Amino acid sequence: DAKTTQPPSMDCAEGRAANLPCNHSTISGNEYVYWYRQIHSQGPQYIIHGLKNNETNEMASLIITEDRKSSTLILPHATLRDTAVYYCIVNGNTGTASKLTFGTGTRLQVTL
Amino acid sequence: DAGVIQSPRHEVTEMGQEVTLRCKPISGHNSLFWYRQTMMRGLELLIYFNNNVPIDDSGMPEDRFSAKMPNASFSTLKIQPSEPRDSAVYFCASSLEDTRLNGYTFGSGTRLTVV
């Protein structure tokens, strides 16, 4: 699976958009980009995933560059409850469950 | 659905004792994963099952660790004998087989302390 690079930490003011970048320059054609987050003391939570096209759900938007070498997770209106560690994971899924390898992620601190 | 259910939430045991962690996946999910999280090593995948069959146990640290999935609704992770370095939070997660459709759902974890 392709490796990912994320900044170790970021700050965001409450109510503003949080844009979390992820580099995955060695991604291959069949690999998906997944985002999870982990709020302190809880299990990781799935946010969103995508292959090529931009994706949006009730939690966030995922923007993948045309060359697929990087992506950005956007939380449109961050709240204090969005303070968490955010993990970007790239995984080649062949239709059967395959393991997700978590890196160190980005620690997002949302402040008043 | 109640989500992925893990028990116990906290476990404190003495070195050398056997520890059994339990997990009930989401009904209908046919893949199950056991992860361990420590400050030093982060989240590590220990083992995962597909349709109750172990697929990859390369993350199991040593023979003291074993995992079973006797049926689609239950899995255990056993440590025998336990050591202080096994202290960690252990997470169980489940998913549909095709994770292109959705992601993993994690349980709340079991915090294990071996003294």
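Whatever comes next refers back to the structure up there.
Residues numbered from 1 in each chain as written. Chains lettered and ligands numbered in written order. Predicted model: local features only at pLDDT ≥ 70, side-chain atom pairs only at ≥ 80, totals over all residues. Heavy atoms only, no water.

A.B. asks: Explain unusual backbone geometry to me, and be specific about the residues and the numbers.
C.D. replies: Following Ser7 of chain B, the chain continues into Pro8 of chain B via a peptide bond in cis, with omega recorded as -10°. Position of Pro8 of chain B relative to the elements: it lies in the loop between β1 (5-7) and β2 (10-13). Between Gln80 of chain B and the following residue, Pro81 of chain B, the backbone shows a cis peptide bond with an omega angle of -5°. Phi is positive for Ser41 of chain A, which is not a glycine, with a value near 70°. With respect to the secondary-structure elements, Ser41 of chain A resides in the loop between β3 (31-38) and β4 (45-50). With a phi close to 50°, Asn51 of chain B is a non-glycine residue in the positive phi region. (Helix = DSSP H or I, 4+ residues; strand = E, 2+ residues; numbered from the N terminus.)

A.B. asks: Can you tell me about the pattern of salt bridges, naming the residues and giving the values?
C.D. replies: All names here are of chain B. Taken as a whole, this structure holds 9 salt bridges over all chains when the rule is applied. Among the salt bridges present, the one from Glu62 reaches Arg64, with a minimum N-O distance of 2.8 Å. Residue Glu62 is classed as partly exposed on the basis of its relative accessible area, which comes to 27%. Between Asp86 and Arg64 there is a salt bridge, and its shortest N-O distance comes to 2.7 Å. Taken together, the residues span a long stretch of sequence, with Asp86 in the loop between β8 (74-79) and β9 (88-95) and Arg64 in the loop between β6 (53-56) and β7 (65-71) at a distance of 22 residues. (Salt bridge = Lys/Arg side-chain N within 4 Å of Asp/Glu carboxyl O. Buried < 20%, exposed > 50% of the residue type's maximum accessible area, 1.4 Å probe, protein only.)

A.B. asks: Provide a residue-level description of the sheet that holds strand β7 (residues 70-75) of chain A, including the pertinent values.
C.D. replies: Residue and element names in this part refer to chain A. One open sheet accounts for 4 strands, arranged β2-β7-β6-β5; its pairing is antiparallel. Here the strands that pair on one side only, and so sit at the sheet edges, are β2 (18-23) and β5 (55-56). As judged from the 6 bridges shared by β2 and β7, these two strands associate in the antiparallel manner. When the sheet's bridge partners are listed, Cys22 is paired in β7 with Ser71. (Pairing = 2+ DSSP bridges.)

By themselves, these observations are geometric and do not establish any function.
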